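# Examining the three-dimensional arrangement
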Amino acid sequence: MSAEQCFTLDGRRVPFQDGQTLMAAALDAGVYIPHLCFNPEFAPHGSCRVCLVQVNGRVQAACTTPAAAGLTVQSEIEELREMRRGILQMLFVEGNHVCPACEKSGACQLQAVAYYVGMQTPHYKHFYPRRPVDASHPEAVIDFNRCILCELCVRASRDVDGKNVFAVQGRGIQARLVVNTPSGQLGATPFSIHDKAAQVCPTGTILTKHRGYETPIGQRLYDRKPISVVGDVAQLPESRGGRRHD
Amino acid sequence: MIEPRLKVATCSLAGCFGCHMSLLDLDERLFDLAERVELDRSPLTDIKELGECDIGLIEGGVCNAENVHVLMEFRARCKVLIAIGACALNGGIPAMRNQFALKDCLEESYLRGVGLVNPQIPNDPEIPLLLAQVHPVHEVVKIDYFLPGCPPSADTIWTFVSQLLSGQPVALSYTQIHYD
């Protein structure tokens with residue numbers, strides 16, 4: 001069958017292949033749907049809920065919903081923008097996201113998505129959780145204060161690097177990212193800065209040591225243009241201000 | 001007819017005065033602003049008593065008992081209250097002490113600090129008591145507008161203030177909103 005299958009996204013016809021999700025088809029068509037736990041190189045996770053869209057009136061995650069011919073999908077409507085803003089606000093108050101003190105600021109996907117959805121304030125009561133910083137590895141530092149549990153590092157380390165360095169422990173509000181060693185220290189693992197897991201973090205949780213300010217604040221990926229225009233930091237090569245190794 | 005100028009008060013709570021410096025970065029636009037507003041209590045005027053105001057600008061979060069008192073007074077006397085800068089919005093850098101017990105912070109600074117002579121934790125009754133944690137201002141009073149940035153640039157402040165004073169909806173451009 002060669003007839004092109006399409007659904008509509010905010011009134012625009014978007015073609016898709018059999019088996020594609022709404023997110024994958026939108027990405028191929030160059031339409032941005034905000035997301036955090038989704039990365040096109042990995043199986044969808046569906047956990048952050050930032051990519052919520054209305055599918056024939058029902059709210060569903062674009063990254064896990066299969067595309068089907070004739071669907072009416074809405075993304076850029078105020079109702080959804082408000083939901084996404086709420087999700088971003090909850091992510092910000094749940095951790096300790098001190099942008100002025102973060103090396104990742106300006107090239108941070110969490111921050112860029114928050115800009116995109118128009119978050120002016122975190123709005124909710126802050127949790128100020130007490131979480132550790134692990135600087136035991138010679139090449140990388142992990143600041144657990146900034147983790148949003150997208151599990152991209154878990155997936156990358158397990159599925160691409162074959163090292164299984166990271167895991168999520170606990171449930172609900174107790175859930176947290178841990179390093180898979182008896183000591184819980186990154187320095188005791190075979191983790192390397194060349195691993196895929198070192199390139200996929202959408203926040204400033206996993207950082208490369210000694211290179212934090214190579215690109216000055218003000219000249220970073222999202223300083224001048226929104227994420228909907230420049231794309232995800234994990235998908236762009238370092239030469240273009242991203243994290244992906246050239 | 002000359003329109004009466006709006007009364008504006010400003011204060012810096014647990015902040016670094018960086019947002020006030022950014023306000024001064026308005027440079028020659030300050031002349032335009034001075035035609036439309038009159039400063040009441042503010043670090044820029046040194047007026048001690050807060051009068052009835054149209055607009056209050058709050059820089060910094062809340063870290064001690066005096067901050068709470070000043071913030072509540074601003075809310076009571078200002079028709080529109082604006083939180084300006086990262087510290088007012090989420091506690092900012094001062095809130096990084098929330099990772100530690102207050103006792104440990106005080107002991108680290110005043111008992112174990114380098115080069116201290118006769119180390120002691122200050123306890124003069126005139127020094128405002130510290131809160132156990134630093135909080136953003138919206139956790140204490142209702143805030144009408146939030147202006148992020150560390151600090152927000154003078155251009156951001158100018159766009160915001162111009163729109164507010166002319167009764168337009170506040171709409172900042174992409175480069176005018178940043179959290180750092």
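Parameters and conventions
- Residues numbered from 1 in each chain as written.
- Chains lettered and ligands numbered in written order.
- Predicted model: local features only at pLDDT ≥ 70, side-chain atom pairs only at ≥ 80, totals over all residues.
- Heavy atoms only, no water.
- Helix = DSSP H or I, 4+ residues; strand = E, 2+ residues; numbered from the N terminus.
- Buried < 20%, exposed > 50% of the residue type's maximum accessible area, 1.4 Å probe, protein only.
- Contact = heavy atoms within 4.5 Å.
- Areas by Shrake-Rupley, 256 points an atom, 1.4 Å probe, with all protein chains shown as cover.
- Lys, Arg positive; Asp, Glu negative; His and termini not counted.
- Charge placed at Lys NZ, Arg CZ, Asp CG, Glu CD.
- Salt bridge = Lys/Arg side-chain N within 4 Å of Asp/Glu carboxyl O.
- Axes fitted to C-alpha atoms, helices over the stretch in contact; angles between N-to-C directions.
- Left-handed = near helix turned anticlockwise from the far one by under 90°.
- Nonpolar A, V, L, I, M, F, W, Y, C, P; charged D, E, K, R; others polar.
- Domains from an automatic or database assignment.
- Buried area = accessible area lost by both parts, 1.4 Å probe.
- Core = buried A, V, L, I, M, F, W, Y, C linked by side-chain atoms within 4.5 Å.
- Polar contact = N/O pair within 3.5 Å; in protein donor to acceptor, adjacent residues only side chain to side chain.
- Parallel < 35°, antiparallel > 145°, perpendicular 65-115°, else oblique.
- Phe/Tyr/Trp six-rings, centres within 6.5 Å; stacked < 30°, edge-to-face > 60°.

## Section: the overall build of chain B
Broken down by element type, chain B carries six helices and seven strands. Secondary structure elements of chain B occur, N-terminal to C-terminal, as β-α-α-β-β-β-α-β-α-α-β-β-α. Across its three principal axes, chain B shows a C-alpha extent of roughly 65 × 35 × 30 Å. Residue burial in chain B is summarised as follows: out of 180 residues, 44% are buried. For chain B, contacts bridging at least 24 residues in sequence account for 76% of all contacts bridging at least 6. Summed over its atoms, the accessible surface of chain B is roughly 9600 Å², and 59% of this surface lies on carbon and sulfur atoms. Side chains of chain B carry 13 positive and 24 negative charges; the gap between the two charge centres is 4 Å.

## Let's talk about the pattern of salt bridges
A side chain with one charge may pair with a side chain of the opposite charge, provided their charged atoms come close. Residues and elements named next belong to chain A. Overall, the coordinates contain 22 salt bridges over all chains when judged by the stated rule. Note that E76 and R84 form a salt bridge whose closest N and O atoms lie 3.8 Å from each other. Here R84 falls in the buried class, since its relative accessible area comes to 0%. Because the salt bridges share partners, they merge into one network encompassing E76, E78, R81, R84 and R85.

## As for the packing of helix α2 (residues 78-94) of chain A against helix α3 (residues 109-116) of chain A
Residue and element names in this part refer to chain A. For the pair α2 and α3, the least separation of the axes is 9 Å and the interaxial angle reads 145°. Handedness of the α2/α3 crossing: left-handed. On α3, the residues touching R81, L88, L91 and F92 of α2 are L110, Q111, V113, A114 and Y116. Of the residues contributing to the contact of α2 with α3, the split by class is seven nonpolar, one polar and one charged.

## A few points about the domain arrangement of chain A
Accessible area lost on assembly of the parts is the figure often given for the size of an interface. Residue and element names in this part refer to chain A. One can read the domain layout of chain A as domain 1 (5-76) and domain 2 (81-209). On a C-alpha basis, the centres of domain 1 and domain 2 stand 25 Å from each other. On the domain 2 side, the residues contacting the 22 residues of domain 1 number 21 residues. Across the domain 1 to domain 2 interface the summed buried area is about 1700 Å²; carbon plus sulfur atoms make up 62%. Three residues, L36, F42 and H45, lead the burial of domain 1 against domain 2; their summed loss comes to 39% of the area buried on that side. The tally of links from domain 1 across to domain 2 stands at three salt bridges. For R81, the salt bridge goes to E76, with nearest N and O atoms at 3.5 Å. A class-by-class count of the residues in the side of domain 1 that touches domain 2 yields 14 nonpolar, five polar and three charged.

## Description of the nonpolar core
All names here are of chain A. By size, the foremost hydrophobic cluster in this structure holds 71 residues, and its most contacted members are L36, L88, F166 and F191. Inspection of this core shows a minimum of three residues originating in each of domain 1 (5-76) and domain 2 (81-209). F7, F16, I33 and L71 belong to the second largest nonpolar core, which has 20 residues in total.

## Focus on the interface of chain B and chain A
Each partner contributes to the interface: chain B provides 27 residues, whereas chain A provides 31 residues. Regarding the contact of chain B and chain A, the summed buried area is about 2300 Å², with carbon and sulfur atoms giving 56% of it. Taken as a group, Q99, Y174 and Y179 of chain B account for 35% of the area that chain B buries against chain A, more than any other trio of residues on that side. Linking chain B with chain A are zero salt bridges. If you look at where chain B meets chain A, you find 14 residue pairs in polar contact (both at pLDDT 80 or more). The residue makeup of the side of chain B that touches chain A, split by class, is 15 nonpolar, ten polar and two charged.

## A word on the packing of helix α2 (residues 29-36) of chain B against helix α6 (residues 154-165) of chain B
Residue and element names in this part refer to chain B. Contact geometry of α2 with α6 gives a least axis separation of 12 Å together with a crossing angle of 25°. On the basis of their axis angle, the class for α2 and α6 is roughly parallel. The crossing of α2 and α6 is left-handed. Here α2 contributes R29, D32, L33 and R36 to the contact with α6, which in turn contributes A154, D155, W158, V161 and L165.

## Digging into the environment of S75 of chain A
All names here are of chain A. Mapped onto the elements of the fold, S75 is located in the loop between β5 (72-74) and α2. Here the alpha-carbon distance between S75 and H194, two residues 119 residues apart in the chain, equals 36 Å. In this structure the side chain of S75 is engaged in a polar contact, spanning 2.9 Å, whose partner is the side chain of R84.

## Thoughts on the packing of aromatic side chains
The full count for this structure, using the stated rule, is seven aromatic pairs over all chains. Measuring from centroid to centroid gives 6.0 Å for F7 of chain A and F16 of chain A, while their planes differ by 40°, and the two rings are tilted. Each member of the pair F7 of chain A and F16 of chain A is classed as buried. For the ring pair F92 of chain A and Y179 of chain B, a centre distance of 5.8 Å and an interplane angle of 80° mean the geometry is edge-to-face. Of the two residues, F92 of chain A sits in helix α2 while Y179 of chain B sits in the segment after α6, which places them in two different chains.

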